[in-house]
Structures are given as structure tokens and as C-alpha cells.
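# Coordinate analysis (summary)
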Amino acid sequence: MKTQQRTWTIAFGAALVLATIGFGVTANNFLLQAGTTLAMYVALAYAWNIVGGYMGYPSFGTAAFFGFGCYAGAIAQNAGAPMWLAWPAAALGGAIFSAVLGRILLGMRGHYFAIGTIAVVEVMREVSNNWEALTAGATGLNLPIVAGSPREVGMLFFFVMTAFAGFALLLTLLIARSKFGFGLRCIKQNEQAASMVGIGVLRYKVAAFVVSCALMSATGAIYASMVAFINPDDAFNILMSISVPVIVTLGGAGLVLGPLVGAVIYMVLDNFVWINFINYHSAVLGVIIIAVIYFIPQGVVREFVKRGSVLLRRDTAKAA
Amino acid sequence: MAEAILDVQGLTRRFGGVVAVNDVSLSLAPGEIVGLIGPNGAGKTTLVNLITGFLPKTAGTVRFEGRDISAAAPHLIARQGIARTFQIVQPFSEMTVFENVLAGAIFSGRNGGHAAAVTMAHECLEFTGLDSHAGYLASELSLANRKHLELAKSLAMRPRLLFLDEVNAGLNTGELDAALALIRNIAARGVTIVIIEHLLKIIASLVSRIIVLHHGAKLSEGRPADVLRDPTVIKAYIGNKFAQRFAQTESANEATEEGRPSP
């Protein structure tokens, strides 16, 4: 039973990788761009899911750490670092930044934590707007442009971004099956009971926050290299802080497949609505999202599994 | 008395102007069952919270098996072998009963590797009679079973010292007997137990020593029969009516040589 499940998982993973490569090689520029954006949101959704899903801390700070990564990567590249080095450097910077910030923010719970993380986004945008010596303020920063034809560069960033999203997925799989992930789920449900059984609650929370934020910062740095220009409003966009939790909730928070499924649904909806309701795009998308979350609050994946298992039960009933 | 497993000296906790626990000292011998009683608000739960590190101490020291744990964090105290149940049950509601107990077995770090922890979790489920409910969500259990789950979770941590904070409150007579048998079995494994309980009949039949708290301070301490006859304890907590009844059952027992007082 278990080996069969593993075989299916590997087959599914291999199919996904092959489909991605096939898509990357054959797709036109528009689709390639859409695919890269999708991969970026998948990576961010996986990063958010660690803290927001497994640990149950509703963060609206995605944009803060994404933006931090944008600037960290841009500054590193402008100082002469190759982008391959700027990305891990941004991740490391994000890790240190979030380790310090996490000790303060994670003392708060629920709504207070959520509001605290929103404040971080706003503060970061103000800082990047005004610290002109480092960030060039509202003018924004240019990054070295990657050599090659638009198509080659597009393909390069598509593969980098999907590889990184895949890395975030594998990391989630690892966490979900580890003692660490088990501890996070305990913390989500009852912090007092968690410390009673011997979990170092603050250390676990900060560790999860650091992993999550480092992933977000690396995503931001890759994005900055791709677009080759960033400014405060683009890097620290509060809409990103909202759309990422929405994506995870759509798919199913605290699940390995939730962020992936949620991101695909979100991007399809987003594009569908763009094409059909140009003037009322945000309003219509908002209504659809509210409707989906209202009717399937546990996310699409759980709903699917629930119905699936009901069907299975009927089958076994028939067989018996 | 052998060397104390727990030694508490001058433990004090103030909340603003209120002294919730006032200069309490006590000592537990390995393997004994001690009852902690007192009126509501006497500071019993606060005392446990101070010893287990859930509340910072205003003053005083706590030594466990010779080590000073006065300033240790709750999870580190738990890993050293002090487990507790909470007056209001604290399950991981959306996890299965098995996962709840496994959490105790794994994170206490006192069971060796993962496989050993799994074995321990199953053993504790069986011990508390919850093995048939292993796959249920903790939130689906009855109150009695949730209290058993608290016990199973604590036991899976392989504790040397166990605080039971009103584990029997809200149970009916049948459930009570099962719970008492369980506590006796835990003690038989060599675990030192401190039990907070309002049902004096239970205390008297279970423990070898009683400590009475009143207004945060230790009012009396000693053998159950002596403590429950102590006039200051009767005045502060028990009341004359129960004291008379208790005295009657005691003398009846002595006359008939029965093991336990009949209800």
C-alpha cells in the first residue's frame, strides 16, 4: 500500500517535471511569462504555508520579505555580485532579518500577529522610499540586464523560478514528515500543551519563520534579476501580502499540495477575469475568491480528498 | 526519608498586590503520592505553574533530583521528567488521539528514537484504555476520555514526577473508579505523584501525605487522617460536617478492618 503510494507520487512528480520542461521549451512568450509568474506565486505560497498553514500564524508580511529580497539582491548585484550569488545572499539576509524580527512578532498571536506583519510591510516601504543612499528612494533601482534574446532570458527565468518553486515544494514535503513539522502542528493547536510535552515553542516558531522568510527573500531576489528594475511600490506591494494567503487558503492551508493547487486556480481565475472583465477586474476576482472560500473554507484539496474518500467508501461497501 | 525528588524552598509569587503563593516550602520523596488540597483560590494551580515553569517565580528555588530548575523554561523542565495535566484539558484538538500521545513520547526526548516513541505511545494508550479510540480526533472524545488522554500524553513523556491538576473533576462515579485505579497503577510504576483534588474521600484513600494550602501559604501537612482532623484545616476548608462524617467512617473502618471507606 505504502510503496504503491510512493510509486504514484514519484510518477506524478516525474510527469510534472517533464510537463514543465516541455512547456518551457515550446510555450510562446506570453505563456512563458504567465508560467513564470505562476511559479513565483507557487514558491511564495509554499513559503507562506510553513508559517500560515502548518504553524497557524496568519502572516500578512509576504511583501515585506519578498521586497527585502528584491532590494538585497539588487544591491548585491549592483555591488558586482553575479546573480547566482546574489540570490542565496538575499536568502541569508532575509533569514537574519526575520530571525531578529520574528522574536518580536511571534510574541503576538492571531489578529495581533497579522496586524504586526502588515505594519512591517508599510515600514519597509517607507524605509525604501526614504533611504536614498541605499535604495535610490522612489526612483527605484536598475539591475544589470541578463544577456541574451528576450526568449532565452524568458526561458532562463522560467526554469529558475519553477526549479525554485519545486525546491520549496520538496522542503515542505520534508518539513511535513519531520519532527519539526509535527511540532509546528502541535503549536498551531495549543502552545501551552506544546511546551508541556517538551517543545521549545519560541525556538520552533522562530525557525519556521526564518525558513519561510528566507524562501520569500530568495524569490524576491530572483524576481528583481528578472525584471531588472525595482521600486518601493512594486517590491513592497501589500496586494501580494493578501493574494499569497488567499492562494494557500484556496488550495488548502497546512497541506503539501495546497499551495500548488491554490496557485494554479488563482492564476487561471485571475487571467480569466482579466480577459472578460477588464474594467471591473479586481471587484469580480474579489467576489469569486470570497465565494470559493465561503463555500470551501478548508480548501479545494481537502474537499477533493473528502469526496474521493466518500466514493472509495461506497466502492468498498459494494465489494463487501 | 530518601533523598527528595523535588525540593521547593520559599516559593513565592505576587500578582501586583496579591500574594498568590506565599513562601511555600515542600519536599517530595521518590515514589510517594501526595495530595494538594485547599479552598478555591488557595494557590494550588499557581504552585504547580511555578514548579513546572509556566509562571515566573517572584522568589524561591526549586530543585528536581538535585538539579536547580528554578529558572528553567517549561519545555526543558518537561524534558527533565516533570509532567503535568491541566485542570482544563489541553488536547491538540484537531489531531488524533494517537498523535496527541505520540507528541508526548517524541518531544520529551525520553524515549529514544522514533520507533521507540511509537511503541511507547501505543503502550500508554493501552494503559489508559484509549487504544480503541486511537484514530479518533481528540475533539471527538468524551470529557472522561479527554482526561484519560491528558494522562496518556503525560505518561508517554516517561515522567519521574507527575502533577495531576483535578483530573477527576466532572467525572461520574463509574468513571471515577476507573480513574483512581489508573492513578494507582501509575504510582505502581514508581512515578511520584502530586494530586490536586477537591474530593477529600478520594484523597484520603489514595495518598500517603496531604499538604493544605490556604491564602497561598502552607496551612498544614501530614498523614491524611491527621490533617483531616486538624482544627485549622477544618475551619479553613473542610467544615465541621465533613469532618464528623470522615471521623465516623474512619472509626468504622478501624472496627471492621475494611480496606477502603464505603461511600
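On a predicted model such as this, the values are computed, not experimentally measured, just so you know. Within any chain, residue numbers begin from 1 and follow the written order of that chain's sequence. All chains are assigned letters beginning at A, and all ligands numbers beginning at 1, according to the order in which they are written. The predicted nature of this model means local features are confined to residues of pLDDT at least 70 and side-chain atom pairs, given and counted, to a pLDDT of 80 or more, with totals for whole chains, interfaces and linings taken over all residues.

### Points about the overall build of chain B
From N to C terminus, chain B includes 10 helices and 10 strands. Taking 263 residues into account, the globule formula puts the C-alpha radius of gyration at 18 Å, and chain B, at 19 Å, falls close to it. Each of the three principal axes of chain B carries a C-alpha extent, and together these read 55 × 45 × 35 Å. Buried means a residue has 20 or more other C-beta atoms within 10 Å of its own C-beta, exposed means 12 or fewer, and partly exposed covers the counts in between; C-beta atoms are placed from the backbone. Within chain B, the fraction of its 263 residues that count as buried is 44%. Relative to all contacts within chain B whose residues are 6 or more apart in sequence, the contacts with residues 24 or more apart total 64%. By the criteria applied, helices consist of DSSP H or I runs no shorter than four residues and strands consist of E runs no shorter than two, each listed in order from the N terminus. Within these notes, the globule rule equals 2.2 Å times the number of residues to the 0.38 power, and the radius of gyration is based on C-alpha atoms. Think of it this way: build a C-beta for each residue from its backbone, and any pair within 7 Å is a contact.

### Let's talk about the sheet that holds strand β2 (residues 18-28) of chain B
Residues and elements named next belong to chain B. Should DSSP find at least two bridges between two strands, the strands are regarded as paired. If you walk across this open sheet you meet the 4 strands as β2-β1-β4-β5, and the pairing is antiparallel. Where the open sheet ends on each side, the last strands, each with one partner, are β2 and β5 (67-68). When strand β1 (residues 6-15) meets β2, the two strands line up antiparallel, connected through 7 bridges. Residue L6 lies in a different strand from β2, and its bridge partner there is L28.

### Re the sheet that holds strand β10 (residues 217-222) of chain B
All names here are of chain B. Strand order in the open sheet made by the 6 strands is β6-β7-β8-β3-β9-β10, with mixed pairing throughout. Two strands in the sheet have a free side with no partner beyond their single neighbour: β6 (82-84) and β10. Within the sheet, the average angular offset between the axes of one strand and its neighbour, ignoring direction, is 20°. Here an angle of 0 to 180 degrees is reported between the N-to-C directions of two axes, which are lines fitted to C-alpha atoms, with helices fitted over the stretch in contact. Of the strands in this sheet, β3 (33-37), β7 (161-165) and β8 (192-196) are in contact with helix α6 (residues 173-188), which crosses β8 at around 150°.

### Brief notes about the interface of chain B and chain A
Across the boundary between the two partners, chain B contributes 19 residues, which contact 16 residues of chain A. Elements supplying a minimum of two residues to the side of chain B that touches chain A: α2 (74-80) and α3 (97-107) of chain B. Polar here means any residue outside two lists: the nonpolar Ala, Val, Leu, Ile, Met, Phe, Trp, Tyr, Cys and Pro, and the charged Asp, Glu, Lys and Arg; Gly therefore counts as polar. Class assignment for the residues of the side of chain B that touches chain A results in 9 nonpolar, 6 polar and 4 charged.

### Details of the environment of C213 of chain A
Residues and elements named next belong to chain A. In this structure, C213 sits in helix α10 (residues 201-227). C213 sits 111 residues away from G102 along the chain, and the two C-alpha atoms are 9.7 Å apart. Once residues lying within four places of it in the same chain are set aside, the contact partners of C213 are F65, G94, A95 and S98.

### A look at the packing of helix α2 (residues 29-54) of chain A against α10 of chain A
All names here are of chain A. Here α2 crosses α10 at 165°, and the two axes come no closer than 7 Å. As far as their axial angle goes, α10 and α2 are roughly antiparallel. Handedness of the crossing formed by α2 with α10: left-handed. Where α2 approaches α10, its residues M40, A43, L44, Y46, A47, W48, I50 and V51 are matched on the opposing element by A208, F209, V211, S212, L215, M216, T219 and Y223. Among the residues making up the contact of α2 with α10, the classes are represented as 14 nonpolar, 2 polar and no charged. What sets the label is the angle itself: under 35 degrees gives roughly parallel, over 145 gives roughly antiparallel, 65 to 115 gives roughly perpendicular, and the rest give oblique. Each crossing is labelled by how the near helix is turned from the far one, with a counterclockwise turn of less than a right angle marking it left-handed and a clockwise turn marking it right-handed.

### Focus: the pairing of β1 of chain B
Residues and elements named next belong to chain B. The antiparallel pairing of β1 with β2 creates a hairpin that spans 2 residues between the two strands, and G16 there sits at a positive phi of about 60°. The pairing of β1 with strand β4 (residues 59-64) spans 5 bridges and is classified as antiparallel. Note on β4: the bridge partner recorded for L6 is F64.

### Things to note about α10 of chain A
All names here are of chain A. Across its 27 residues, α10 extends 39 Å between first and last C-alpha, which sits within 8% of the 39 Å expected from 1.5 Å per residue. Within α10, 21 of the 27 residues are buried, which leaves the element mostly enclosed by the surrounding structure. Two residues or fewer after α10 comes A228, characterised by a positive phi angle close to 65°. Here the expected span of a helix is defined as 1.5 Å times the quantity of residues minus one.

### Some points on the packing of helix α3 (residues 62-78) of chain A against helix α5 (residues 110-130) of chain A
Residue and element names in this part refer to chain A. Viewed as axis vectors pointing N to C, α3 and α5 meet at an angle of 25°, and their least axial separation amounts to 8 Å. Here α5 runs roughly parallel to α3, going by the angle between their axes. Here α3 contributes A63, A64, G67, F68 and Y71 to the contact with α5, which in turn contributes V120, V121, M124 and S128.

### Points about the pairing of β8 of chain B
Residue and element names in this part refer to chain B. Among the 5 residues of β8, 5 are classified as buried, and the element is accordingly described as predominantly covered. Side chains T192, V194 and I196 of β8 all project onto a buried face; the interleaved residues I193 and I195 project onto the opposite face, where all are buried too. Where β3 meets β8, 4 bridges bridge the pair, whose relative direction is parallel. Pairing of L36 across the sheet is with I196, part of β8. Bridge analysis of β7 against β8 gives 5 bridges, and the strand direction is parallel. Across the sheet, L164 pairs through a bridge with I195, a residue of β8. On the question of chirality, the crossover connecting β7 to the parallel β8 by way of α6 is right-handed. Here the term right-handed applies to a crossover when the path leading from its first strand over the helix to its second strand runs clockwise, the strands being oriented away from the viewer.

### What to know about α5 of chain A
Residues and elements named next belong to chain A. Compared with an ideal rise of 1.5 Å per residue, which puts 21 residues at 30 Å, α5 spans 31 Å between its outermost C-alpha atoms and is within 8% of the ideal. Along α5, the residues classified as buried are F113, T117, V120, V121, M124, R125 and S128. When α5 is viewed along its axis, its buried side chains cluster within an angular range of 125° and face the same direction. Turned more than 90 degrees off the buried face of α5, the exposed positions are H111, Y112, I115, V123, E126 and N130. Against α3, α4 (83-105), α6 (132-135), α11 (232-235) and α12 (238-251) lie the buried residues of α5. Starting at the helix axis, one direction is taken to each C-beta atom, and the arc is that of these directions.

### What to know about the confidence of the model for chain A
All names here are of chain A. The quantity called pLDDT is the predictor's confidence in a given residue, expressed from 0 to 100. Summing up the model confidence of chain A, the mean pLDDT is 90 and the portion of residues at 70 or higher is 95%. Ranking the elements of chain A by mean pLDDT puts helix α15 (residues 300-319) last with 62 and α10 first with 97. Between residues 313-320, whose pLDDT stays under 50, and residues either more than four places distant or in other chains, the model counts 0 contacts.

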